[in-house]
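# Analysis of the macromolecular model
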Amino acid sequence: MSRRPGNPSRRFGDGGGGLFSTSKSRSSPILSVGLLVVGGLFIVAYLYKGGSGGFGSGLNSVSRVEGDYLCSGEVQQAIPILQKAYGDSMHKVLHVGPDTCYVVSKLLKQEETEAWGIEPYDIEDADNNCKTLIRRGSVRVADIKFPLPYRPKSFSVVIVSDALDYLSPKYLNKTLPDLVRVSSDGIVIFSGFPTTQKAKTADVSKFGRAAKMRSSSWWTKFFLQINLEENESASKKFEQASTAGSYVPKCQIFHLKPLH
Ligand SMILES: *[C@@H]1O[C@H](CO)[C@@H](O)[C@H](O)[C@H]1NC(C)=O
Ligand SMILES: *[C@@H]1O[C@H](CO)[C@@H](O)[C@H](O)[C@H]1NC(C)=O
């Protein structure tokens with residue numbers, strides 16, 4: 001079974017365009033009157049919806065963490081803590097990992113935060129919100145084994161969750177420095193703990209390979225090997241904010257410095 005990395009040529013929201021094709025045919029007066037009546041009904045329906053607050057007004061009350069991936073869910077919960085640790089640096093964020101649509105949506109709700117996302121795997125069941133983000137260019141599907149299509153320091157902070165656990169050291173060697181390259185203020189890595197988190201069977205069938213959870217000492221050694229430095233001051237601020245907010249992360253979290 002093979003992994004199915006994101007296929008950038010796949011597009012959501014194609015099709016349509018057939019809606020007004022009847023206007024090309026010769027229309028009878030009766031048809032025109034009919035269209036006018038239907039149009040009028042649409043306007044009435046629209047005004048009615050507008051007056052009652054419109055559809056979807058209940059969506060804002062949803063505050064639960066969405067998605068299937070533990071660490072991507074963890075990022076959603078950690079946003080207030082990240083804001084305390086990174087302050088103004090959280091103004092232009094790139095999130096990389098599965099379920100990025102949920103993370104990006106949550107980041108976009110914060111004041112003065114712009115956010116983009118990279119979804120490393122094909123999305124088979126994208127909801128409407130996700131399709132909209134993809135259409136707007138806020139989220140793109142891309143295989144992170146290849147260089148990211150961004151200039152150096154395009155984002156203030158890069159956050160990556162779950163995705164690195166699926167890469168072997170051969171690819172990690174290239175992907176991680178590339179993620180660091182596109183950040184100006186640092187990168188935050190959310191990765192599974194080796195003992196407590198077993199890959200779900202669904203993961204294996206989707207990615208063809210189970211996530212490999214590495215220990216904290218493995219990661220620390222790996223960062224040194226590829227010349228990436230941990231940002232002690234960011235780690236400290238993050239820990240302090242976690243304690244203050246009674247937040248206990250369910251994933252390992254590493255803070256790396258940007259390139260000089
Ligand atoms: C990754 O890079 C390091 C340092 O350049 C090197 O020592 C190591 O062999 C590389 N690992 C793989 C699997 O390519
Ligand atoms: C470490 O992280 C802090 C945010 O907590 C940031 O302001 C600082 O610039 C970072 N240090 C380096 C050397 O990048």
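Residues numbered from 1 in each chain as written. Chains lettered and ligands numbered in written order. Predicted model: local features only at pLDDT ≥ 70, side-chain atom pairs only at ≥ 80, totals over all residues.

## Comments concerning the overall build of the protein chain
Heads up, the condition is: Numbering of helices and strands starts at the N terminus; helices are DSSP runs of H or I of at least 4 residues and strands are runs of E of at least 2. Every C-beta atom is placed from the backbone, and the number of other C-beta atoms within 10 Å of a residue's own sets its class: buried at 20 or more, exposed at 12 or fewer, partly exposed in between. The contact criterion used is a C-beta to C-beta distance within 7 Å, with each C-beta placed from the backbone.
Check the secondary structure of the protein chain and you find eight helices and six strands. Beginning at the N terminus, the succession of helices and strands in the protein chain can be written as α-α-β-α-β-α-β-β-α-β-α-α-α-β. Counting all 260 residues of the protein chain, 30% fall into the buried class. The long-range share in the protein chain, meaning contacts at least 24 apart out of those at least 6 apart in sequence, stands at 73%.

## Here we look at the pairing of strand β5 (residues 183-191)
To keep it simple, the criterion reads: Paired strands are those between which DSSP finds at least two bridges. Think of it like this: strands point away, you trace from the first strand over the helix to the second, and a clockwise trace means the crossover is right-handed.
Counted residue by residue, β5 has eight buried out of nine residues, so it is predominantly covered. For strand β4 (residues 155-161) and β5, the ladder comprises six bridges, and the chain directions are parallel. The partner of V160 across the bridge, within β5, is I189. For the handedness criterion, the β-α-β arrangement of β4, helix α5 (residues 169-181) and β5 is classed as right-handed. Relative to strand β6 (residues 252-256), β5 runs antiparallel, the two being bridged by five bridges. Across the sheet, the residue bridging to I187 is L256, located in β6.

## Let's talk about helix α3 (residues 100-108)
Within α3 the residues assigned to the buried category are T100, C101, Y102, V103, V104 and L107. Structurally, α3 contributes buried residues whose contacts are with α2 (70-86), β1 (92-96), β2 (114-119), α4 (128-136) and β3 (139-141).

## Focus: the confidence of the model for the protein chain
Quick reminder of the rule: Known as pLDDT, the predictor's confidence for each residue is given on a scale from 0 to 100.
Model confidence for the protein chain is summarised by a mean pLDDT of 80, while 69% of its residues fall at 70 or above. Within the model, pLDDT remains below 50 along residues 7-27, and this stretch shows 13 contacts once partners closer than five positions in the same chain are excluded. In the model, residues 43-63 has pLDDT below 50 throughout and makes two contacts with residues more than four positions away in sequence or in other chains.

## Some words on the sheet that holds β3
Which entries qualify depends on this criterion: Only the contacting stretch of a helix is used when fitting its axis, a line to C-alpha atoms as for every element, and angles between N-to-C directions run 0 to 180 degrees.
Ordered in space as β3-β2-β1-β4-β5-β6, the six strands form an open sheet in which the pairing is mixed. At either end of the open sheet lies a strand with only one pairing partner, and these are β3 and β6. Mean inter-strand twist for the sheet, computed between neighbouring axes without regard to direction, equals 15 degrees.

## Describing the site of ligand 1
Under the convention used in this document: For each residue, a C-beta atom is positioned from the backbone; the residue is called near a molecule or strand if that atom sits within 6 Å of it. Gly is placed with the polar residues, together with every amino acid not listed as nonpolar (Ala, Val, Leu, Ile, Met, Phe, Trp, Tyr, Cys and Pro) or charged (Asp, Glu, Lys and Arg).
All residues in the neighbourhood of ligand 1 are listed as P169, K170, N173, Q225 and I226. Top element by residues in the shell around ligand 1 is α5. It accounts for three residues. Along the lines of polarity and charge, the residues of the shell around ligand 1 split into two nonpolar, two polar and one charged.

## A look at the site of ligand 2
Contacts to ligand 2 come from A85, Y86, S89, D185, G186, N231, S233, A234, K237, K257 and P258. Within the residue set of the shell around ligand 2, elements represented by two or more residues are α2, β5 and α8 (232-244). A breakdown of the residues in the shell around ligand 2 according to their chemical character gives four nonpolar, four polar and three charged.

## Side note on the environment of V160
Along the chain, V160 falls in strand β4. In this structure V160 comes out as buried when scored by C-beta crowding, with 25 C-beta atoms within 10 Å. Taking the C-alpha atoms as reference points, V160 and I253, separated by 93 residues in sequence, lie 9.9 Å from one another. Ignoring anything within four residues of it in the chain, the contact list for V160 reads V96, G97, L179, I187 and I189.

## Here's the deal with α5
To keep things clear, this is the line we draw: Each helix should span, by expectation, one fewer than its residue count multiplied by 1.5 Å. Within this analysis, the arc is defined by the directions that extend from the helix axis to the C-beta atoms.
Its 13 residues give α5 an end-to-end C-alpha distance of 18 Å, which sits within 8% of 18 Å, the value for a rise of 1.5 Å per residue. Those residues of α5 lying buried are T175, L176, L179 and V180. One side of α5 carries all its buried residues, which in axial view fall inside an arc of 135 degrees. In this structure, the buried residues of α5 make contact with β1, β4, β5 and β6.

## Concerning the packing of α2 against α3
For the record, the criterion: Angles are sorted into four bins: roughly parallel if under 35 degrees, roughly antiparallel if over 145, roughly perpendicular if 65 to 115, and oblique for all others.
Their axes nearest at 9 Å, the elements α2 and α3 cross at an angle of 5 degrees. Judged by the inter-axis angle, α2 sits roughly parallel to α3. Here α2 contributes S72, V75, Q76 and I79 to the contact with α3, which in turn contributes Y102, V103, K106 and L107. The residue inventory of the contact of α2 with α3, partitioned by class, reads five nonpolar, two polar and one charged.

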